[in-house]
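Commentary on secondary and tertiary structure
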Amino acid sequence: MDVEKANATDIDELVELRIAYLTEDNGALDRVVEESIRTDLPGYYAAHLGKDLHAFVIREGGQIVSCAFLIVQEKPMSPAFMSGKTGIVLNVYTRPESRRQGHARKLMEAMLADAKAMDLAVIELKATEDGYPLYQAVGFADDNSKYHQMKWVNR
């Protein structure tokens, strides 16, 4: 089980895995939403993959069975991230038939090794209850901050 970085030839499979992840996380997707994702996501992957989006994958029989995405951002330096480079982990997903085989751990370890090589100062993620123990095991900790995590949603 080797970890690879996805490339342009993997885009169709990455779209399917993203939809599977979103469906599992949110329930059945609205038909219009799913069609929009299928239409627009390949262009996003084509523009960002290997640049500010790194998709780590594990294949079995030529098919991607597990993936994890790392979005890399560069911000003005601060004491919290001196290099200015930060990352966000998204879409850690393993196909149901390939779960409980250590794929997610292996992906995260490869991702963190690459993050060190890229000089990322910090990586953030939002953990599900199922993923929480894994992320703790590979070195993530709860973010105890004086700041409130907030978001604005454009509707």
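Below, the structure is looked at part by part. Remember, it's a predicted structure, so these values are computed and weren't measured experimentally. (Residues numbered from 1 in each chain as written. Predicted model: local features only at pLDDT ≥ 70, side-chain atom pairs only at ≥ 80, totals over all residues. Heavy atoms only, no water.)

1. Some points on helix α2 (residues 31-48)
Keep this limit in mind: For helices the rule is a DSSP run of H or I covering at least 4 residues; for strands it is a run of E covering at least 2, with both sets numbered from the N terminus onward. An expected span of 1.5 Å times one less than the residue number is assigned to each helix. The bend at a residue is defined as the angle formed between two axes, one fitted to the seven residues ending at that residue and one fitted to the seven starting there. For every residue, the accessible area (1.4 Å probe, protein chains only) is compared with the maximum for its type, and the residue is labelled buried under 20%, exposed over 50%, or partly exposed between those bounds. Residue contacts are counted whenever heavy atoms from the two residues lie within 4.5 Å of one another.
For α2, with 18 residues, the first-to-last C-alpha span of 26 Å sits near the 26 Å given by 1.5 Å per residue. Considering bend angle alone, the principal kink of α2 is centred on D40 and spans about 35 degrees; proline P42 follows within four residues of it. Taken together, the buried positions of α2 are I37, L41 and Y45. For α2, the secondary structure elements touched by its buried residues are α1 (11-26), β2 (53-60) and β3 (63-74).

2. Points about α1
End to end, α1 covers 22 Å across 16 residues, agreeing with the expected 22 Å (1.5 Å per residue, within 8%). I11, L14, V15, L17, I19 and L22 are the residues of α1 that are buried. Where α1 is buried, its residues touch α2, β2, β3 and β4 (85-94). Following α1 by one or two positions, G27 has its phi on the positive side, about 90 degrees.

3. Some remarks on the pairing of β2
On any regular strand, side chains alternate: one points to one face of the sheet, the next to the other face. Put simply, the rule reads: Note on pairing: two strands pair once DSSP finds at least 2 bridges between them.
Where burial is concerned, most of β2 is hidden: six out of the eight residues are buried. Where strand β1 (residues 3-5) lies against β2, three bridges are found, and the strand directions are antiparallel. Residue pairing in the sheet places K5 in a bridge with F56 of β2. Strand direction decides the pairing type here: β2 and β3, joined by eight bridges, are antiparallel.

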